[in-house]
Every structure is written in structure tokens, then in C-alpha cells.
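Geometric and topological summary
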Amino acid sequence: MSDKALELEDLHKRYGETVALDGVSFSVGDGEVFGFVGPNGAGKTTLMRIVLGVLAADSGEVRWRGSPIGAEERRRIGYMPEERGLYPKMRVRDQLVFMARLHGVDETEAQREAESWMERLGISERAEEPVEALSLGNQQRVQLAVALVHEPDLLVLDEPFSGLDPDGVDALGEALTEEVRRRGVPVVFSSHQLDLVERFCDSVGIIAAGRLVAGGRPDEFEGSLADVYREATRR
Amino acid sequence: MSGRDAIRLVARRELDEGLRSRAWRASLAIQVLVVALIAIVSIATGGDDGPSERKLAVHGMEAERIEAKARAAQAGYGIRLEVTREPSAAAALRAVRDEDADAALTGAGLAARPDADEAMLALLQNAARVVGSEERLRRAGLSAAQARTALEPPPLRTTVVQPQEGEGGEGLAYIGALLLYIAILSFGYAVASSVISEKSSRVVEIVLSSIRSEQLLAGKVLGHGLLGLIQISLIALVGLAIALPSGEVSLPDSTGETIALVFVYFVLGYLFYGCAFAATAALVSRQEDSQSTTMPILVLLIGGYLVANAALNQPDGGLATISTFLPPLAPLVVPGRAAQGELAAWELALSLVLMAGAILLAVRLAGRIYDRSVLRFGAPLTLRDAVRLARR
């Protein structure tokens, strides 16, 4: 039994001739925010999809609390894919309730959680509106609420900050850090924005060409994360 | 959460969102309106089994002779004359003006309302011509009997051929086939566009992070099928509610069986085509691209409808029999054959078995194609890609 909540071991994935993941391993503990950075096509999205089970790895293993992760554990993950997705014509409240129910939350609880998250993210007044009628910023808030509405045991967020204005970044960062503090939820997220990774993450992994090329706590790096990143991705 | 719960959740979402959508409501309103119109029109034109009654006001010897001649020939015109003898020509005209009669026949000729029945006018004109000709022939020296023989040669022998089952079966058959075609097409398309809209909005990735693709597919197909059932039930109810109480529309004996089969074959046909539409829709990421991949299914369905129409012309013919056993065609043909009383019990049983087998195959194939393509975004996949994916 490991003290790590989520462990990835030696994941490999190819698409035809293209190698997307070439032996990636890392682990995340309770209450830890793990960020990984890397250039486009480095394998970040593939990695997250494998954790979620949306994609199958060619080899390697994903473990949750020491055992291979299964459908039930995966249903307890909160996910924000890189390509944002909501039902455009569905009303905000209905959408949150539906998503919570999909994750196995019962109807009453789903209603309560939906109300509470709309309240927290300041979109209660939009509850009856279809998502497509909302501003982009508010759509992002709904997206975050969708990832959090079922009180997940683990958060996997692909580029959660992309497309957000500074206020949105602050609101999202605040909601995340609060979830981590309140319930000790481990968080895995990917980003292009090194400053945000430095600001919110307890540990960092740098991924390039399907391999984890560097990692550690940002405050333990020699020099800035940007220097380490540049050095690591040059190889 | 069990797989069944997941399917039910997805189906309920599709149902709720569908019932709320303007597109669904509009299409329901239009179809109910069309069916109501058909029912009302058939009531208005109904009762043409018997001759239509026409009132004729008559005054004068000559007029009475014409009237007698017309009465002898009225059946051929689908008319039954109801004659009143008026004391004067003026009284006969007054009867027309007061709408007590449709036409007046007097020594001065024929007087009729502007909207008078053409058939009645033709009947009276012909009768007048015969009476006039008889008169002239007699004056030319022929006896009355000779004149009549000359003018009224024996009529063409006609034989009335009764349809085997209650009449109106053909009409019901074509309406049933059309209704099924429209329902399967529109709800098959609805599933396709719902699949694509989940892909194009990318929400499918979130949904598939918590439930399996087969569950999502099954829920979507079921949800839209329920919408379809609600719609055709309402349409059938409105049609019957208008047609039945009037007593004007005589429904064939096969009506009950036909309606039941329309429902059964809607479910079967929709499951078959709905899966096919869903699987081909999963190959594309944008609505604009859907035409190319759903085209073969569309061609199959439209072709099926055309074949069904041809088959229903001769419901006991070879084409009709073969179509009964071809799953893509059977839903459009079987209820129509039953409406015309041309469907044997063993044919129905075999058709249902073959249909069920084809649906099982379609569900499995669609599930595989859907599973392997629904998370592929970007350029549309071809049907060949789909077959390759399904093999893996």
C-alpha cells in the first residue's frame, strides 16, 4: 500500500508511427497539486485521457490508492478536458445536476451540490439560462462547476487556465486551492503558463516528446522554472 | 451506478431536452395539423359511397318527361333526384331562389344555382337531349318503341369487382407507410444530430469519462425513440379523435391491427435505422460533414420507401413478400400489407424474427463504430474507416 493517492507507472502509447507516451511515471499525494508543462504534442492530453480511461494505454499502469484504477474509481474523478465541453442548449442547473448524476450522485444531493456550486462561483442568477447564452467567462465557471459538482476524489484538469482573463484565473485558482485545503483532493493539471504552474503547484513535471524529462518542487529548482523548462525541453 | 442507471439518465436527458426544444414541438404541431386536416377533409368528402341527393323542382309536361328520363339514368351519375312538382314555372324558380331546390326544370328550360352540381346538370341535359331526339324520330315516322331502341342501345356490360377486405385498406396502407417513413427518418436524423452536437461541443469527452460509450449510445437512441413514440401516439390519437366520432369515415376492419403494427414496426425500424444513423454520425465532428457519412443510410431509407410504395400496389406480389423479410424494408411494408389483409401470420412471425436479428447486429456494429470514433475529432472518417475500426 502506497501513501500516494495516484500513481502512474511506465505508461506507453503510440498512434500508429507516432509515439505519444514513452514510459511516463509519476505520483501525486493527497492534498498535492501536481502541474505538468510541456510543448504542444508532448503527450499531456494523452496522459490525462489515459488517467480518465477515455483512452487505453498500450502498456503501463494507473493506480489509485495502491490498486489498478477501475470504472468506479474513475467515476469519482473531476475532469476538465482541454477542449471545453458543455451541452450548449441545456440550462445551467440541469447541466450540473445531470453531470453530478452521471458520476453516481443521487438526485437530491445533485440538486444541492449544483445550487451550492452555482452560489460559490457566482452564477446562481444564470441557473435557468441555456449555457450558450452565457458569457465565455461564465461558461468557464460552469465548466469548473461540472468538474467539481460531484465532490470528486481527484481532479484532472487539462489546461484549466487557458482562455481565462486574470480575474478568471484568480477565481479558478482560489476554488482549486480551497478544494485542496478543505478536502485534501489531489489535483493534476497541465498548462502552458509557467508562471501559473509556479504559483499554484506543489510539484512540477516537465514533459517533452512523451517522456518526463524533469520534475520536482518549484522552490527546489536551481533558477526559475522557465530556465529549467528551457533546458529540459532543448534535449 | 449500474449500466441501466446510466442509460436511463442519458435517455431522460434526451427526452427532457427534446420535449423542451422548439424543433420537436414545431414538428409535432405541423404533423398533428396535417393529420387533422386529412381527417377533416375525408369527413367532408366522406359518404360518397351512396349517391348524392339533389332536389329538383319541376313544372310542365315536357319537364316531367325529361325528369322521368333523368331518373331512369341517375344511378350512372351517382345522383338521386328528389323531385317536387310545382304549380307554376314561377313557383319552381322561387324554390331554387329560396334554396328549397338545387335546380328547376320548366317549359322555359333549366334554371340552376351558380354552384349547382355539374353531374346533375349533365344528367338533366342528357335526359333532355334523349327526350328531344325521341320526339323528332317519332315525328319522322318511327314508332315510340323504335325510337327508344335507336336511342338507347343496351349499355356496356360492367362487372363490379369487390376488394377482398374492407375498403379503404389501400389508403390506410399508404398513410401507415408514409407515417413510418417520416417518423423513422426524422427521429433517426434527430439521433444523428444529437450525436454530432455532443461531439462538436466536445461535451462527449466529459460524459465518457464517467460512463461507457455503449451506455451513452443506448441512452441516446432510447431517448429519441421515446420522443418518436410520444409523437406518433399523439398523431394517431388526434386523427382517430377527429375521424371516429363523426361516423363519416368508415375505417377498414384491419385498422386496429394496422395501428398496432405501425407502433411495433416504428420501434423496430427506428432501432435499426437509429443505430445506423448514430454510428455514421459519430464519424464526423461537425454537422456540416454529416451528409457524406449518413448518405448511405438515407439512400437506404428513401429507397426503402419507394420500394414499399411499389410493393403496396400489389400487396400479395413477389416484391411485397420479399420486402417483408428484408429488415431495412420490412417496417415500411409490413403494416401496409396488413392493412390490405394480405399478410399471413407466418410472414409476420418470420419478419419479426429477422428484424430482431438485424437489430442485434446493428446495435453491436453501431456500438463498436461509435465507441471507436466518437472521441476522434477533426476530419471526418469514411465508412471504410468505420468498418476498419469496427474490426479492431
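Residues numbered from 1 in each chain as written. Chains lettered and ligands numbered in written order. Predicted model: local features only at pLDDT ≥ 70, side-chain atom pairs only at ≥ 80, totals over all residues.

1. Quick notes on the overall build of chain A
Rules: Only DSSP runs of H or I with at least four residues qualify as helices, and only runs of E with at least two residues qualify as strands; both kinds are numbered from the N terminus onward. With the radius of gyration taken over C-alpha atoms, the globule rule is written as 2.2 Å times the number of residues to the power 0.38. With C-beta atoms placed from the backbone, a residue is labelled by how many other C-beta atoms lie within 10 Å of its own: buried for 20 or more, exposed for 12 or fewer, partly exposed between the two. Residues are scored as being in contact if the C-beta atoms we place from backbone atoms lie within 7 Å.
Along chain A, the regular secondary structure elements total 8 helices and 10 strands. Relative to the compact-globule value of 18 Å for 235 residues, chain A shows a C-alpha radius of gyration of 18 Å, a close match. For chain A, the proportion of its 235 residues judged to be buried stands at 44%. Within chain A, contacts between residues at least 6 apart in sequence are counted, and of these 68% link residues at least 24 apart.

2. Examining the overall build of chain B
Counting its secondary structure elements, chain B contains 15 helices and 4 strands. Dimensions of chain B, computed from the C-alpha atoms along their principal axes, are close to 100 × 45 × 35 Å. Long-range contacts, defined here as pairs at least 24 residues apart, represent 75% of the contacts in chain B between residues at least 6 apart.

3. What about the domain arrangement of chain A?
A common measure of how large an interface is: the accessible area buried when the components associate. Residues and elements named next belong to chain A. Spelled out, the test is: Bear in mind that the domain bounds are from an automatic or database domain assignment. Note on residue categories: nonpolar means Ala, Val, Leu, Ile, Met, Phe, Trp, Tyr, Cys or Pro, charged means Asp, Glu, Lys or Arg, and polar means any other residue, Gly included.
Its domain assignment divides chain A into domain 1 (1-76 + 153-235) and domain 2 (84-152). The centre of domain 1, based on its C-alpha atoms, is set 25 Å off from the matching centre of domain 2. Taken together, the contact pairs 14 residues of domain 1 with 9 residues of domain 2. Ranked by the residues each element gives to the side of domain 1 that touches domain 2, the list is headed by helix α6 (residues 166-183), at 4 residues. Looking at the side of domain 1 that touches domain 2 residue by residue, the classes come out as 7 nonpolar, 2 polar and 5 charged.

4. Concerning the packing of helix α10 (residues 255-281) of chain B against helix α14 (residues 345-373) of chain B
All names here are of chain B. Stated precisely, the cut-off is as follows: Here an angle of 0 to 180 degrees is reported between the N-to-C directions of two axes, which are lines fitted to C-alpha atoms, with helices fitted over the stretch in contact. In this scheme, roughly parallel covers angles under 35 degrees and roughly antiparallel covers those over 145, while 65 to 115 is roughly perpendicular and the rest are oblique. Crossing handedness is read from the near helix: turned anticlockwise from the far helix by less than a right angle, it gives a left-handed crossing, and turned clockwise, a right-handed one.
Their axes nearest at 9 Å, the elements α10 and α14 cross at an angle of 20 degrees. Here α10 lies roughly parallel to α14, going by the angle between them. Of the two possible hands of crossing, α10 and α14 adopt the one that is left-handed. Counted together, Leu268, Leu271, Phe272, Cys275, Ala276, Ala278 and Ala279 of α10 and Met355, Ala358, Ile359, Ala362, Val363, Leu365, Ala366, Ile369 and Tyr370 of α14 form the full contact between these two elements. Taken together, the residues that form the contact of α10 with α14 break down as 16 nonpolar, no polar and no charged.

5. Overview of the domain arrangement of chain B
Domain assignment breaks chain B into domain 1 (3-45 + 167-391) and domain 2 (52-151). Each of domain 1 of chain B and domain 2 of chain B was reduced to a C-alpha centroid, and the two centroids are 57 Å apart.

6. Quick look at helix α5 (residues 136-148) of chain A
Short version of the rule: Multiplying 1.5 Å by the helix residue count minus one yields the expected span of that helix.
The end-to-end C-alpha distance of α5 of chain A is 19 Å, a good match for the 18 Å that 13 residues give at a rise of 1.5 Å each. Burial of α5 of chain A is extensive: 10 of the 13 residues sit out of reach of the surface. When α5 of chain A is considered as a whole, its buried residues turn out to be Gln139, Gln140, Arg141, Val142, Gln143, Leu144, Ala145, Val146, Ala147 and Leu148 of chain A. Elements that come into contact with the buried residues of α5 of chain A comprise β6 (77-80), α3 (92-102), α4 (107-120), β7 (154-158) and α6 of chain A together with α8 (203-208) of chain B.

7. Description of the interface of chain B and chain A
Opposite the 16 residues of chain B that make contact, chain A presents 21 residues. Mapped onto the side of chain B that touches chain A, the elements with two or more residues apiece are α1 (3-20) and α8 of chain B. Split into classes, the residues belonging to the side of chain B that touches chain A amount to 9 nonpolar, 3 polar and 4 charged.

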